[in-house]
Structure formats: structure tokens, C-alpha cells
Amino acid sequence: MEILFSDFFQRALLGGLLIGLTAPLIGMFLVLRRLSMIGDTLAHVTIAGVALGFLINVYPLVVGLVFAVISSFAIEKLRRAYKGYAELSIAVIMSGGVAMASFLFTLGQGYNTDVTSYLFGSIYTLGRTDLYLVGGVTVVVVAVVVFFYKELFLLTFEEDAAAVSGLPVKLLNMLITVLAALVISTAIKIVGALLVSALLTIPVACSLFLAKSFRMSIILSVAVAEIAVIVGLIVAGIWNFAPGATIVLLLILMLLLTLVARRGYTV
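Residues numbered from 1 in each chain as written. Predicted model: local features only at pLDDT ≥ 70, side-chain atom pairs only at ≥ 80, totals over all residues. Heavy atoms only, no water.

Looking at an unreviewed UniProt entry, one finds the chain named Metal ABC transporter permease, with Saccharibacillus sacchari as its source organism.

Below is the structure:
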């Protein structure tokens, strides 16, 4: 139990709570717009940036964030070019991200161990700089969603109506994708690039089964993510489990329980 009061565990808990807020918040807009796979795509691109960061001796998470943001612009550009095949943009960027990461791995073989920690998460190694970055992204994401809530709501459910009403649809689409890039690039050190998509989608999946309104769906998805983060970190800390994997497995368990409870209970 002593581990729960250690400095590194407190930093891990704080970082996890921040990502537990932003991931499902952005994940809600991605899932409802059928862009769930964008999480895996941007995560792979971020890993390529992290690998480059280790290679050129620059703070890896920032380089990964830059890669993810640039890729978010590329995804939106390709989505507009292939309107009838929007998922094609995600497949193309993911392929490029995996190829770039693999290429950079071969250039910096001495850094492969460090980069691997970003694949599976290393939440217990979060430092003050990492927390500042995650905290800054959290402030930006929450502020943007609150300020543009009505516009994002209309865009999510009726993109054509949003365009007719005069909203800058292209700009708002880009905004959502960039916010997703920011969240994903900062989350990979917490749950890992291979698992980050789960934190974006599974809490949303739980809330969509229970909630009757969009606002309640957002609240429930954040609550589910935060519970999974807190309980997952405590369980992983006490029994020495992998924290990222524990959080995701708890999310899956919560989804299964939600499916069972759905028949007799709604919010």
C-alpha cells in the first residue's frame, strides 16, 4: 500500500486523471462521426515522432505531438479529397506512420527500448515536464469543447445543416482532428500507443448504451474513464500489474457490465 503515497504514483494518478478527462471528451465526437480508428492512426504517427525525438536528442513527446498534429492536417486533407472513402485517409496515414516508425527504429537501434515504453505505456515514469504538457493539452481541449460546444454538437449530428447555417465546417473538422492529435500524443506515455484507442472509444461505448442525451453521454464517458484510471492504477500498483493494460481491461469489464445492465436500467 505504500506505493500509493509515493511521488511517482501521485504523478501517474494525476496524469491518468487528466487523460481520463480529455480522451473520452474527444472520443465522443470521433465515435459519433465514425472516426474511431483515427486514434490508432495518430498513435502510430506519434510513435514515429517519439523515435525521431530520441534519435535527434529532443524531448520525444513534443516531437511526437508535432508529428500527430501535422498528420491530423493530412488526414483532413485526404478526407476532403476522397469524400466517398473517408476511411481511406486513415489507412494511408496509419501506413505511413508505421513505416516511418519502423524506419527510425532501424536508424536508432540503441533507443528501441526507450521507444518501446511508449508502445505499451510507462505511466510510472511521468515527470513534471510530462505533467505540464498533459495539463496544458487538457486546458486547451476542455476550453475549446466548452467554447464551441453548440457548433461541435451540430457538426457531429448534422454536418450538412451546419454548413447551411454558415458554420465553418472545414475549420471545425480540422479542429476536432487536431484536438484528437493533441490528446493521443500526450496519452501514449500513459496507456501506450497500442492501447490509447481504447481510452478514446470504450468509455464512449459504455455511455452510449446508458445515456439518453448527448450531454449525459459525455458526463458518463468521462466518469467511466476516470473510474477505470483510478481503480486500474491502484490495482496495478498494489499487485504489480502493467498499469496501461490494467486500465484497458477494466474498461472492457465495465463495458461488459454495461451491456448486462442495459436491459433493465437507463439514465
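After that view of the structure, there is still more to cover.
(A) Inspection of unusual backbone geometry at higher detail. In this structure, R34 takes a positive phi of about 55° despite not being glycine. Locating R34 in the fold gives a position in the loop between α1 (7-32) and α2 (38-56). Here N57, not a glycine, exhibits a phi torsion of approximately 65°, which is positive. Examined against the element boundaries, N57 turns out to sit in the loop between α2 and α3 (60-81). (Helix = DSSP H or I, 4+ residues; strand = E, 2+ residues; numbered from the N terminus.)

(B) Structural detail: the packing of aromatic side chains. Taken as a whole and judged by the stated rule, the model has 10 aromatic pairs. Centre to centre, the rings of F54 and Y118 are 6.0 Å apart; their planes meet at 70°, and the pair counts as edge-to-face. Taken together, the positions of F54 in helix α2 and Y118 in helix α5 (residues 112-120) put the pair 64 residues apart, joining distant regions of the chain. Neither F54 nor Y118 differs from the other in exposure class; each is buried. Both rings, one in Y149 and one in F153, keep their centres 6.5 Å apart while their planes meet at 25°; by these two values the pair is stacked. Linking Y149 with F153, this pair stays in helix α7 (residues 149-157), spanning 4 residues, or about one helical turn. Accessibility expressed as a relative area gives 18% for Y149, which makes it buried. Three or more aromatic residues joined by ring pairs make a cluster, and in this case those are F29, Y149, F153, F157 and F214. (Phe/Tyr/Trp six-rings, centres within 6.5 Å; stacked < 30°, edge-to-face > 60°. Buried < 20%, exposed > 50% of the residue type's maximum accessible area, 1.4 Å probe, protein only.)

(C) Just the nonpolar core, in detail. Among the nonpolar cores identified, the biggest contains 81 residues, and I26, I47, V141, I184, I188 and L199 are the most heavily contacted of them. Considering each element in turn, this core owes the most residues, 15 residues, to helix α9 (residues 169-191). Sequence-distant contacts of L199, defined by excluding residues within four places in its chain, comprise I19, A23, P24, V191, A225, I247 and L251. (Core = buried A, V, L, I, M, F, W, Y, C linked by side-chain atoms within 4.5 Å. Contact = heavy atoms within 4.5 Å.)

(D) Summary view of a nonpolar patch on the surface. A cluster of nonpolar side chains, I227, I230, V231, I234, I238, W239 and F241, forms an exposed patch at the surface whose accessible area comes to about 610 Å². Examined against the element boundaries, W239 turns out to sit in helix α11 (residues 214-239). For W239, a relative accessible area of 54% corresponds to the exposed category. (Patch = residues over 30% accessible without salt bridge, like charges linked within 9 Å, V, L, I, M, F, W, Y side chains within 5 Å. Areas by Shrake-Rupley, 256 points an atom, 1.4 Å probe, with all protein chains shown as cover. Salt bridge = Lys/Arg side-chain N within 4 Å of Asp/Glu carboxyl O.)

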